[in-house]
Amino acid sequence: MSNDHDHDHDHDHDHDHGDDEFAEELDEFLAEFQDLLGTDPEAAMELVESVDESFASHPLIRIAHAHAVWVTKGAAAARAELETLVAAEPDFSDAHYALADVYGELKEDALRVTHFLRVLELDEKDDVESEFDASTFEPLIIKSAEAALAALPSPYLERLKDVPVLLEARPAKVLVKDGFDPRALAHFEGPTLDAPSGGTMPTRIVLFTANMPAEFEDEEELASEVELTLLQEIGSYYSLSDEELDRLGLE
């Protein structure tokens, strides 16, 4: 699978598959599958192909199967499977997200953006329909971000002390049109070390308050993820060495 995305987003999908017991079994199966995929892809493929009929038709199982195909046979093989799923489930945002990831691996940038935009549209629609209020998570996110930035070692603390940390629900459409991940957790904006101007300071840091809770519902996990996300973004922004990453606690 592509490394463009650090997180798997399993958004809820209302798909007429019954009760809480089924949902719990599905979650347990997908967790087992994900663990296997990282350590033994062939075993993960065997597992996902062994499910009974009640599981096999579920879109999340079909995505899992496509991921196993991707890892074992390549992105081109997974492409057809995910295109079929998107055609059957055009309003299922996770399918569009997985397909966009495949297109990214295949350097099909225009198609990748098309499906990223669809993900953004569907996720925003789901927020409205489910009456999800991202603002309820803002105090925790702000507190966690401030603590993470305050704990930075020098010189990063000095570099970033005057950089505003802003909150937005999700990435703007114009940003996604440029190929930005609609489910990203954060974004550093401004000149980078490689910029012609030689700038070394971002103009702002944006945390996406709807994307974070979609990934981490537990408050403790969410707080930890805010800190980790900021440190990862700082490491990426400044192209830090392994030694420098270790200083930030990322190694």
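As shown above, the structure is provided for reference.
Below is a short write-up of the structure. (Residues numbered from 1 in each chain as written. Predicted model: local features only at pLDDT ≥ 70, side-chain atom pairs only at ≥ 80, totals over all residues. Heavy atoms only, no water.)

Regarding the packing of helix H1 (residues 20-39) against helix H4 (residues 59-73)
Then step 1. Where H1 contacts H4, the axes come no closer than 11 Å and their chain directions differ by 5°. What the angle tells us is that H1 and H4 run roughly parallel. Residue-level inspection shows Leu26, Phe29, Leu30, Phe33 and Leu37 of H1 in contact with H4, the latter providing Leu60, Ile61, Ala64, His67, Ala68 and Val71.
Then step 2. Residues that form the contact of H1 with H4 fall into these classes: 10 nonpolar, 1 polar and no charged. (Axes fitted to C-alpha atoms, helices over the stretch in contact; angles between N-to-C directions. Helix = DSSP H or I, 4+ residues; strand = E, 2+ residues; numbered from the N terminus. Parallel < 35°, antiparallel > 145°, perpendicular 65-115°, else oblique. Contact = heavy atoms within 4.5 Å. Nonpolar A, V, L, I, M, F, W, Y, C, P; charged D, E, K, R; others polar.)

A look at the nonpolar core
Then step 1. Core analysis: the biggest nonpolar cluster contains 31 residues, and Phe29, Phe33, Ile61 and Leu82 have the highest contact counts within it.
Then step 2. At the level of elements, H1, helix H2 (41-49), H4, helix H5 (75-88) and helix H6 (93-105) are the ones that each hand at least two residues to this core.
Then step 3. Looking at this core, the element that brings in the most residues is H4, giving 8 residues.
Then step 4. Among residues more than four places away in sequence, those in contact with Phe29 are Leu47, Val48, Val51, Phe55 and Ile61.
Then step 5. Tyr156, Leu222, Leu230 and Leu231 belong to the second largest nonpolar core, which has 25 residues in total. (Core = buried A, V, L, I, M, F, W, Y, C linked by side-chain atoms within 4.5 Å. Buried < 20%, exposed > 50% of the residue type's maximum accessible area, 1.4 Å probe, protein only.)

Observations concerning the packing of H6 against helix H7 (residues 109-129)
In a packed pair of helices, the relevant descriptors are the angle between the two axes and the axis-to-axis distance.
Then step 1. Close contact between H6 and H7 brings their axes to 8 Å; oriented N to C, the two are set at 160°. Considered as vectors, H6 and H7 are oriented roughly antiparallel to each other. The way H6 lies across H7 gives a crossing that is left-handed. Together, Ser93, His96, Tyr97, Leu99, Ala100, Tyr103 and Gly104 of H6 and Leu111, Arg112, His115, Phe116, Arg118, Val119, Leu122 and Asp123 of H7 make up the contact between the two elements.
Then step 2. Taken together, the residues that form the contact of H6 with H7 break down as 8 nonpolar, 4 polar and 3 charged. (Left-handed = near helix turned anticlockwise from the far one by under 90°.)

Observations regarding the environment of Asn211
Then step 1. By the element assignment, Asn211 lies in helix H11 (residues 211-215).
Then step 2. Along the primary structure Asn211 and Pro182 are separated by 29 residues, whereas in three dimensions their C-alpha atoms are 8.5 Å apart.
Then step 3. At a separation of 2.9 Å, a polar atom in the side chain of Asn211 contacts the main-chain carbonyl oxygen of Pro182. (Polar contact = N/O pair within 3.5 Å; in protein donor to acceptor, adjacent residues only side chain to side chain.)

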